[in-house]
Amino acid sequence: MNKVFDIGKFDLDVTLRDAALDPNCRPTKRMLANASIGVEPFDAYYSACELYETLQGVFQGLPNAKARLTQILSCHCDDYQRCLYYALAGRGVVQMLDDLEWLFELLGPRCQMSGHILRSGQHPAPMVNPYVSSEPDGPVPARNADFTEGPSWYLDPGLGGMIEE
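First, a word on what this report is: a plain description of the structure on this page. (Residues numbered from 1 in each chain as written. Predicted model: local features only at pLDDT ≥ 70, side-chain atom pairs only at ≥ 80, totals over all residues. Heavy atoms only, no water.)

A short note on the pattern of salt bridges
Then step 1. A full pass over the atoms with the stated rule returns 8 salt bridges.
Then step 2. With a closest N to O distance of 4.0 Å, D98 and K29 form a salt bridge. Residue D98 is found in helix 6 (residues 93-119), and its partner K29 is found in helix 2 (residues 27-36); the two are separated by 69 residues along the sequence.
Then step 3. By relative accessible area, which is 4% here, K29 ends up buried.
Then step 4. When the shortest N-O distance is used, the salt bridge between R82 and D79 registers 2.6 Å. With respect to burial, R82 and D79 carry one shared label: buried.
Then step 5. Counted as one network, the salt bridges with shared partners bring together D11, D13, R17 and R110. (Salt bridge = Lys/Arg side-chain N within 4 Å of Asp/Glu carboxyl O. Helix = DSSP H or I, 4+ residues; strand = E, 2+ residues; numbered from the N terminus. Buried < 20%, exposed > 50% of the residue type's maximum accessible area, 1.4 Å probe, protein only.)

Now the structure itself:
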């Protein structure tokens, strides 16, 4: 006998919630997952990718990368990218890049699922945007691309025996 079960709407944040609670994840990864819960899937993915590419450019000394980073951090849009950056700031650029890469690898399938659900005519479970304003909530850094990278850009503190997936 075939039974049909109504499973409800798909929660696009389920993988982020799991990662946010996973004791085997580095605390910074859990912070990134928590910061991304409720953020529109495509916005979260592209924001994380843009920040990753920019930090990688600063690390590699690419022209205009510092200007791009100051533009991201001083942008008058919501605080999501600043939240991601400041959750990682000072941890060592290698860890910053590793954690952001991990995040957008979580966010990519979330985008794909969101697109699949929307194309099928359905809607995912409602998400509550954690950002109450589309503008910064407080001061933002000045746009000055002539900053000097501190030790976190060239000294890597290592992972200190953290358990990794």
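Quick notes on the packing of aromatic side chains
Then step 1. Enumeration over the complete set of coordinates arrives at 4 aromatic pairs.
Then step 2. Both rings, one in Y45 and one in Y46, keep their centres 5.2 Å apart while their planes meet at 80 degrees; by these two values the pair is edge-to-face.
Then step 3. Taking 5.0 Å as the distance between ring centres and 80 degrees as the angle between the ring planes, the aromatic pair formed by Y85 and Y86 counts as edge-to-face.
Then step 4. We classify Y85 as buried; its relative accessible area is 12%.
Then step 5. Taken together, the aromatic side chains of Y45, Y46, Y52 and F104 make up a single cluster linked through ring pairs. (Phe/Tyr/Trp six-rings, centres within 6.5 Å; stacked < 30°, edge-to-face > 60°.)

Regarding helix 4 (residues 65-73)
Then step 1. The set of residues buried in helix 4 consists of A65, L69, T70, I72 and L73. For helix 4, the buried positions fall inside an angular range of 160 degrees around the axis, keeping them on one side.
Then step 2. If you follow the buried residues of helix 4, they end up packed against helix 3 (41-60) and helix 5 (80-88). (Arc of directions from axis to C-beta. Contact = heavy atoms within 4.5 Å.)

Topic: a nonpolar patch on the surface
Then step 1. Judged by side-chain polarity, F10, V14 and M113 come together as a nonpolar surface patch covering roughly 230 Å² of accessible area.
Then step 2. Tracing the backbone shows V14 in helix 1 (residues 14-21).
Then step 3. Residue classification places V14 among the partly exposed positions, given a relative accessible area of 36%. (Patch = residues over 30% accessible without salt bridge, like charges linked within 9 Å, V, L, I, M, F, W, Y side chains within 5 Å. Areas by Shrake-Rupley, 256 points an atom, 1.4 Å probe, with all protein chains shown as cover.)

So, the nonpolar core
A general feature of soluble globular proteins is that nonpolar side chains tend to end up buried together.
Then step 1. L51, L55, Y80, L84 and L103 are the most contacted members of the largest nonpolar core, which has 34 residues in total.
Then step 2. Looking at this core, the elements that each hand over two or more residues are helix 1, helix 2, helix 3, helix 4, helix 5 and helix 6.
Then step 3. Counting residues per element, this core draws most heavily on helix 6, which supplies 8 residues. (Core = buried A, V, L, I, M, F, W, Y, C linked by side-chain atoms within 4.5 Å.)

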